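# Examining the three-dimensional arrangement
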Amino acid sequence: LASVGLVGLGVMGRNLALNLSRRGYKVVVYNRTKEVTDRFISGYGGSGLTPAYSPDEVARKLDAPRIILLMVTAGKAVDDVIRSISPYLSSGDVLSDLGNSHFRDTQRREFSLDPSGIHYCGVGVSGGEEGALRGPSIMVGGPSKAWEILKKPMSDISARAFDGTPCASWVGEDGAGHYVKMVHNAIEYVVMELIGECYGVFKALDFSNGEISDIFQLWNEGRSKSYLLEISAKVLRRKDELSGGDLVDKILDSAEQKGTGKWAAESCLELGVPAFSFAVAALDRSMSSFKLVREKASSLEPNRVNKPNLGRREAQEALGTAFSGAQLCAYAQGFSLLEAARNEYGWHTDLAEVARIWQGGCIIRADLLKQIREALLSGAHDSILLDPDIHREIVKCDKAWRNVVSRALEARIPLPGFTSTLAYRDSLFTERLPANLIQALRDYFGAHTYRRVDREGVFHTDWSGG
Ligand SMILES: NC(=O)c1ccc[n+]([C@@H]2O[C@H](COP(=O)([O-])OP(=O)(O)OC[C@H]3O[C@@H](n4cnc5c(N)ncnc54)[C@H](OP(=O)(O)O)[C@@H]3O)[C@@H](O)[C@H]2O)c1
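Now for a quick tour of the structure. Model, not experiment: these values are computed from the prediction.

Reading the values: the criteria
- Residues numbered from 1 in each chain as written.
- Predicted model: local features only at pLDDT ≥ 70, side-chain atom pairs only at ≥ 80, totals over all residues.
- Heavy atoms only, no water.
- Helix = DSSP H or I, 4+ residues; strand = E, 2+ residues; numbered from the N terminus.
- Rg over C-alpha atoms; globule rule 2.2 N^0.38 Å.
- Buried < 20%, exposed > 50% of the residue type's maximum accessible area, 1.4 Å probe, protein only.
- Contact = heavy atoms within 4.5 Å.
- Areas by Shrake-Rupley, 256 points an atom, 1.4 Å probe, with all protein chains shown as cover.
- Lys, Arg positive; Asp, Glu negative; His and termini not counted.
- Charge placed at Lys NZ, Arg CZ, Asp CG, Glu CD.
- Arc of directions from axis to C-beta.
- Axes fitted to C-alpha atoms, helices over the stretch in contact; angles between N-to-C directions.
- Parallel < 35°, antiparallel > 145°, perpendicular 65-115°, else oblique.
- Left-handed = near helix turned anticlockwise from the far one by under 90°.
- Nonpolar A, V, L, I, M, F, W, Y, C, P; charged D, E, K, R; others polar.
- Disulfide = S-S within 2.5 Å.
- 1 Å grid on protein atoms, 1.4 Å probe; cavity = no way out; pocket = protein on both sides within 12 Å on 5 of 7 lines; lining within 4 Å.
- Points joined across faces, edges and corners; volume = space filled by probe spheres on them.
- Salt bridge = Lys/Arg side-chain N within 4 Å of Asp/Glu carboxyl O.
- Near = heavy atom within 4 Å.
- Polar contact = N/O pair within 3.5 Å; in protein donor to acceptor, adjacent residues only side chain to side chain.
- Sits in = over half its atoms within 2 Å of the grid points.

Right, let's talk about the overall build of the protein for a bit. In terms of helices and strands, the protein carries 19 helices and eight strands. Over its C-alpha trace the protein gives a radius of gyration of 25 Å, about what one expects of a compact globule, namely 23 Å for 466 residues. Oriented by its inertia axes, the alpha-carbon framework of the protein measures out at about 75 × 65 × 45 Å. Each of the 466 residues in the protein was classed as buried or not, and the buried ones make up 52%. Considering only intrachain contacts with a sequence separation of at least 6, the fraction spanning at least 24 residues in the protein is 67%. Accessible surface for the protein amounts to roughly 22000 Å². Of this, 54% is attributable to carbon and sulfur atoms. Once the 56 positive and 58 negative side-chain charges of the protein are each reduced to a mean point, those two points are 3 Å apart.

Encoded structure:
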């Protein structure tokens, strides 16, 4: 009998099945479309992979307690598969959804399976297809009992953190795994936005793609070392096989999104967490896809963008520093959202553990996660920016960050990522914000009342008299 069942042989499912079988697991694989299963088995059969052609066959071919991993399209497909396979499962089996499901769907599914004794887990997996094959970062949410069963296989197939430990962990009850993955993706959106904005400023200063690639590579050898910088340097060097020149210049500037970035922004609004940059990064993708409107608008103002008033060397250094500060603010917003979610939903999420399992395999793996983990271990749960070492870093970035942002804004280059991270940094460190005037206005037109700084209670003023 096999020890793991894998349902869904798309890009991710195939690679996860291969990863498991390479680590010595016997895997029974099943896909809704039979030909997909046959094609996969004929390509890779004989390596610990056994086909199944129905949900009950998957169940029959598995040792107890069964471990079943679902890697199907998020949404209705997950409900379809659960409905088709759960009648063949027993109490104590573990059914895990490894796709990008919304955490509320995961909560609902766990709740409805709970009476059957089947342990339902929502598992965030990051690393793309390469990660799925060689070792992803795995964020397991669900009953802690299920983690006892999943721990070994998930640890075996995962990437490794800086200290060599597996990048797989239990991150909390019910929807926590998918929530942590959603926040991971939101941070990914912001960091990509920041890299895109750096590229935009360099282009305005007439740097070639090759030169920008060299700069990203250089940054990647220093404090900002991260997977996203590493692949940005590679992407900028790629030549176009269809018509020559640099491939990046041929790609339409209209960024798409699948939903996790939007969900994170929605969750910020719902929980009242001021992670500005999550909304900005998702919405700036929407702005990029307003391509036709932007074309019309820009034809009204040709030659609108100027060259920023920055020397090339100065731009390179200042942007590098600004990127490092802004990147820290992106992660800070993510951990602050996680802190709020774990309080709201009663999850036992260990934030330092999240910072550890993001160190390898996932898209937002970056050297700074070591420092972030240490900050969280020392208790910087209100905000990692309050940790003395991280705070010192942020202060060091300030001058260059502000200088490069103002020079670029003067030149009319849009920088939603850099300005929103900077606004986050500034607002967080401002004791008195002008929200008192907002409260007064609310009270003026809507009698919404306000609280005072000098005495307890709730007050309303009859503003007509003043
Ligand atoms: N691609 C990535 O880099 C990545 C990274 C992390 C997480 N994810 C998440 O992982 C999940 C799978 O992604 P993928 O890229 O592997 O997708 P994919 O290549 O599009 O594969 C989708 C799989 O779902 C199956 N499926 C679709 N609807 C179904 C239904 N109603 N009933 C049963 N099976 C159904 C498909 O079966 P058929 O062959 O029969 O159509 C196929 O096996 C998604 O939630 C995705 O967001 C993806």
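Let's pick the thread back up.
Listed as buried for helix α4 (residues 76-85) are Val78, Asp79, Val81, Ile82 and Ile85. Angular distribution of buried residues about the axis of α4 spans 165 degrees; they occupy a single face of the element. Along α4, exposed side chains directed more than 90 degrees from the buried face belong to Lys76 and Arg83. Check the buried side of α4 and you find it contacts β1 (4-7), α3 (55-60), β4 (67-70), β5 (94-97), α5 (103-113) and β6 (119-126).

The next thing to look at is the packing of helix α11 (residues 260-271) against helix α14 (residues 312-345). For the pair α11 and α14, interaxial distance at closest approach is 11 Å and the crossing angle is 60 degrees. On the basis of the axis angle, α11 is oblique to α14. Along this stretch, α11 crosses α14, giving a crossing that reads as left-handed. Residues Ala264, Ser267, Cys268, Glu270 and Leu271 of α11 lie in contact with α14, whose contacting residues are Leu337, Ala340, Ala341, Glu344 and Tyr345. The class makeup of the residues in the contact of α11 with α14 is seven nonpolar, one polar and two charged.

Once that is clear, we can look at the state of the cysteines. One pass over the structure, following the stated rule, counts zero disulfides. Between Cys121, a cysteine without a disulfide, and Cys167, which holds the nearest cysteine sulfur, the sulfur-to-sulfur distance is 19 Å. A residue is classified by how much of its surface remains accessible, and Cys121, at 0% relative accessible area, is buried.

Approximately 2100 Å³ is the volume found for the largest pocket. Gly196, Glu197, Tyr199, Asp253 and Ser288 are the residues nearest the centre of the largest pocket, which is lined by 42 residues in total. Those elements that place two or more of their residues in the lining of the largest pocket are α8 (176-204), α10 (227-237), α12 (276-288) and α13 (291-300). With ten residues, the top contributor of residues to the lining of the largest pocket is α8. Its boundaries defined by the atoms lining it, the second largest pocket holds a volume of some 1400 Å³. Lining the second largest pocket we find 45 residues, and of these Met12, Thr73, Ala74, Asn100 and Lys258 sit closest to its centre.

Side chains that differ in sign of charge can pair as their charged atoms come close. In the structure shown here, the tally under the stated rule is 37 salt bridges. Of the charged contacts, one joins Arg223 and Glu393 as a salt bridge, the two residues approaching to 2.8 Å between their closest N and O atoms. Taken as a pair, Arg223 in the loop between α9 (209-219) and α10 and Glu393 in helix α17 (residues 388-410) lie far apart in primary sequence, 170 residues in all. Given a relative accessible area of 34%, Arg223 falls into the partly exposed group. One salt bridge connects Glu295 with Lys291, and the closest N-O pair in it is separated by 4.0 Å. Taken as a pair, Glu295 and Lys291 lie in helix α13 at a separation of four residues, close to a single helical turn.

Before going further, it helps to examine the site of the ligand. Near the ligand there are 21 residues, and of these Met12, Asn31, Arg32, Thr33 and Asn100 occur at the shortest range. The side chain of Arg32 places a nitrogen or oxygen atom 2.9 Å from an oxygen atom of the ligand. Measuring from a nitrogen atom of the ligand, one finds a side-chain N or O atom of Asp80 at 3.2 Å. Because more than half of its atoms lie within 2 Å of the grid, the ligand is assigned to the second largest pocket. Listing elements by their share of the shell around the ligand, those giving two or more residues are α1 (11-22) and α4. Examining the composition of the shell around the ligand, we find that three residues originate from one element, α4, more than from any other. Split by residue class, the shell around the ligand holds ten nonpolar, eight polar and three charged.

This paragraph deals with the side chain of Gln327. With respect to the secondary-structure elements, Gln327 resides in helix α14. For Gln327, a relative accessible area of 2% corresponds to the buried category. Apart from the residues within four sequence positions on either side, Gln327 is in contact with Val191, Leu194, Ser224, Ser226 and Leu368.

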